[in-house]
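Examination of the molecular architecture
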Amino acid sequence: MPHPRIKLYWLNKSRAQRIVWLLQELHLNYDVESFRRGPDMRAPRELLQVHPLGKSPVVRISLPGLEDAATSSNSSGPRDLVLAESGFIAQYLVEHFGQGVTGAPRRLAPRRYRDGCEGQPGGETEAWLRYQYFLHYAEGSLMPPLLVGLILEVLKSPRIPFLIRPITSRVSNQLAAAFVAPELARNLAFLEEQLKTAPGGDGSGKGYLCGPHLTAADILMVFPLQVARQRAGGLTHGKEGKQLAEQFSVVWEYLERLESEPGCKRAEEQTRNWEDHEPEG
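Residue indices begin from 1 for each chain and proceed along its sequence in written order. Confidence filtering applies because this is a predicted model: local features only for residues at pLDDT of at least 70, side-chain atom pairs given and counted only at 80 or more, and all residues used for totals across whole chains, interfaces and linings. Each side-chain value is derived from all of the structure's non-hydrogen atoms; neither hydrogens nor water enter the calculation.

To continue, consider the nonpolar core. To define a nonpolar core, start from buried Ala, Val, Leu, Ile, Met, Phe, Trp, Tyr and Cys residues and group those joined through side-chain atoms within 4.5 Å. Note on exposure labels: buried denotes an accessible area under 20% of the residue type's maximum, exposed denotes more than 50%, and partly exposed covers the range between, all computed with a 1.4 Å probe on protein chains only. Membership of the largest hydrophobic core comes to 69 residues, with the highest contact counts inside it found for Leu22, Leu93, Tyr131, Leu191, Met221 and Leu225. Secondary structure elements are taken from DSSP: a helix is a run of H or I of four residues or more, a strand is a run of E of two residues or more, and numbering for both begins at the N terminus. For this core, the element with the most residues is helix α6 (residues 216-232), which contributes eleven residues. In what follows, residue pairs with any heavy atoms lying within 4.5 Å of each other are defined as contacts. Not counting residues within four places of it along the chain, the set of residues in contact with Leu191 comprises Phe134, Tyr137, Leu142, Leu209, Met221, Leu225 and Val251. Among the nonpolar cores identified, the runner-up in size contains seven residues, and Tyr9, Leu47, Val50 and Val58 belong to it.

Spelled out as structure tokens, the structure:
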């Protein structure tokens, strides 16, 4: 396989952190162009030049021969691959570079088919089906109620005029109790059960979502769970009125395991350097 030239467009305080971890876990060399959020916490307009939605992460992949292939097919499209959306980026990188990479300790994706069932519908392993599901679950199901919670927090912030802030704060608290808390509790309970029933586990939930080994799906889970942990201290759910932070210990222990992964720590150290320096370009 030709050596790829990979470039990550990184934005501070974004989901791009997970792609840094993934690239390092795959032992891939990559370049970085860093961007900073403005005072309004929105991404800079320069990211629109990278992808029409102006979001991060975005990954650009250049491969020797890709330009020739595009020319020979009379394509007028881009010569490089530009990938957006964390789930798609993770899926593409693992499928193409997750095996046969020098020094890579593991594939980061479970085996797809059971023995003798190759290519058959329903022949997939439970671990692979979980892997595919959780690649999309992190953004598709878990993040939406968390984003609602973050928006509701704005209603209690100094960005709201002082005279009406008591009213907006009360509305925010009521909506958080009525929607965010039960939705988040439902997701955390679901994740706790998934951890306890993961293939190859002993029922204690001490492994990962798809089995005893880390996968790209686990890497994608770290960001929404960190946001959930931040929100959990201020939300209660259940008849006893316990804070979510006091419930779902299996999930919080899982998050601590993810944060303790050597690859996660290396990614944190690397991005800390980017935070301390001016953006490139």
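As a further point, take unusual backbone geometry. Geometrically, the link from Ser56 to Pro57 is a cis peptide bond, its omega value of 15 degrees lying close to zero. Positionally, Pro57 belongs in the loop between β2 (31-35) and β3 (58-62). With a phi angle near 55 degrees, Lys13 is a residue other than glycine that sits in the positive phi range. Within the secondary structure, Lys13 sits in the loop between β1 (5-11) and α1 (16-25). The residue Glu85 is not glycine, and still its phi comes out positive at about 75 degrees. Within the secondary structure, Glu85 sits in the loop between β4 (81-84) and α3 (86-97). For Glu85, a relative accessible area of 54% translates into the label exposed.

Moving on, we come to α3. Residue count minus one, scaled by 1.5 Å, sets the expected span of a helix. Under the 1.5 Å per step criterion, the end-to-end length of α3 is 16 Å for twelve residues, consistent within 8% with the ideal 16 Å. Counting buried positions along α3 gives nine out of twelve residues, so the element sits mostly inside the fold. Three or more residues of α3 are buried, namely Ser86, Gly87, Ile89, Ala90, Gln91, Tyr92, Leu93, Val94 and Phe97. If you follow the buried residues of α3, they end up packed against β1, α1, β3, β4, α4 (126-154) and α6.

The quantities given are spatial measurements derived from coordinates; they are silent on function.
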